[in-house]
Amino acid sequence: MMAEAGAGGPRLAELLALGRRLWDELEASTEPSSGAPAVQDKVRQGLDALQRAAAMVAQLELFSENEELEEIASADLKFMLLPALLGGLTLKQVDLSRRREHLESAREHFLRFLKLCRNYGLGSFQLPPGSAGEEKTESPQDPAQPNLVAMAMSRAAKIERYKQKKELENKLASMKSSVESGTADEDQIREFYILQIQKWISTSLEEIESIDQELVILRSRDAPRQAPAGPRGPSRPARSPMKPFILTRDAAQARVFGAGYPGLPTMTVDDWYEQRRKQGIVSLQDFGEAGSPPCPSPPAGASDEELQKQQQETEEKEDDEEALRKARSWDDWKDTHPRGYGNRHNMG
């Protein structure tokens, strides 16, 4: 196996080194935005290098399900990190229109890395829910009732992973200089790469949990867009806006009111209904005897408040008509009785 990796040679090691270097630079970047052109350019370069390296690893068949961890050469252990690094760089892409695609792709990379690690016995962990090959340790329960035991175990596992991750980072920091300078022996190199793998196991589990939460939000947001539109009733024809005018009872009132408001046209009730009939808003069936407009009836399904409001408008209209009738009677009486007529009975 070692010879095959060497045959793939420096090329494979250089691609992995380039991807690792770009990843470290992105993690230490002080750019204010992850969408900055310089940042995204590094993301693309890193993904390209790591994808080419992963294709070479698959071609060389560096890892097999039928071998043990001890059978892997120390120099080849670092190539196990390729899927995890691909997942991390995939998440750094900022194209919002492809966010869901990037999340699902990153999840597949992280899951492939975890399965590879578990196959070689690296770390004690369970695959995330919904993954092929995950352990079925929980008994079925009512989904409406939260499993408090599982929640407590999950929280304890997160705390433990966090502690282990910090310890691993401290050990890696103390060993990094000797490994990179070439002064470390083979046992130290092997331990260094295994510690890196274990650190990325914790990172991958955390990232998958975060990805699953974001995917739930994205799918719920996209669901209304994908839902088929329900049947709709016939749409109502658009009505042209009505211009303001003064509505009068007859032509005589139209002349009186029109004189006071020269800027507004006047219209009798009959004229108004005739205009509405020509516009197709009302029909002849809506008219009563002799073409007179009927009293409006409450619409079907009207609320109590609407019915009360319509009744109040009807009463106000009747009051106006009664006041107008009394005013007319008073005018007629004044025409036939001179001013002061009523006081002559008291003259001495």
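Per an unreviewed UniProt entry, the recorded name for the protein is IGBP1 protein, and the organism is Erithacus rubecula. In its Sequence similarities (unreviewed entry) section, the UniProt record describing the protein reads: "Belongs to the IGBP1/TAP42 family."

1. Regarding the overall build of the protein
Each helix and strand counted, the protein has nine helices and two strands in total. In the protein, the share of contacts with a sequence separation of at least 24, taken over all contacts with a separation of at least 6, comes to 62%. Carbon and sulfur atoms make up 52% of the accessible area of the protein, which amounts to about 24,300 Å² in all.

2. Re the packing of helix α3 (residues 82–91) against helix α4 (residues 99–119)
At a minimum axis distance of 7 Å, the contact between α3 and α4 shows a crossing angle of 165°. Judged on the interaxial angle alone, α4 and α3 are roughly antiparallel. Once α3 is placed against α4, the crossing between them reads as left-handed. In this structure, α3 contributes P83, A84, L86, G87, G88, T90 and L91 to the contact, and α4 contributes R99, H102, L103, S105, A106, H109, F110, R112 and F113.

3. Concerning the packing of aromatic side chains
As enumerated under the stated definition, the model contains three aromatic pairs in all. Plain terms: the ring middles of W23 and W200 are 5.4 Å apart, the flat faces sit at 55° to each other, and that makes the pair tilted. Here W200 lies in helix α6 (residues 186–226) and W23 lies in helix α1 (residues 2–27), a separation of 177 residues in the sequence. The exposure class of W23 is buried, given its relative accessible area of 12%. For W200, a relative accessible area of 6% corresponds to the buried category. Seen from their ring centres, F63 and Y120 are 6.4 Å apart, and the 75° between their planes marks the pair as edge-to-face. In this pair, F63 is assigned in the loop between α2 (37–60) and α3 and Y120 in the loop between α4 and α5 (148–181), connecting sequence segments 57 residues apart. Residue class for Y120 comes out buried when judged on its relative accessible area of 5%.

Rules used in this analysis
- Residues numbered from 1 in each chain as written.
- Predicted model: local features only at pLDDT ≥ 70, side-chain atom pairs only at ≥ 80, totals over all residues.
- Heavy atoms only, no water.
- UniProt positions renumbered as here; feature names shortened; annotations may be inferred.
- Helix = DSSP H or I, 4+ residues; strand = E, 2+ residues; numbered from the N terminus.
- Contact = heavy atoms within 4.5 Å.
- Areas by Shrake-Rupley, 256 points an atom, 1.4 Å probe, with all protein chains shown as cover.
- Axes fitted to C-alpha atoms, helices over the stretch in contact; angles between N-to-C directions.
- Parallel < 35°, antiparallel > 145°, perpendicular 65-115°, else oblique.
- Left-handed = near helix turned anticlockwise from the far one by under 90°.
- Phe/Tyr/Trp six-rings, centres within 6.5 Å; stacked < 30°, edge-to-face > 60°.
- Buried < 20%, exposed > 50% of the residue type's maximum accessible area, 1.4 Å probe, protein only.

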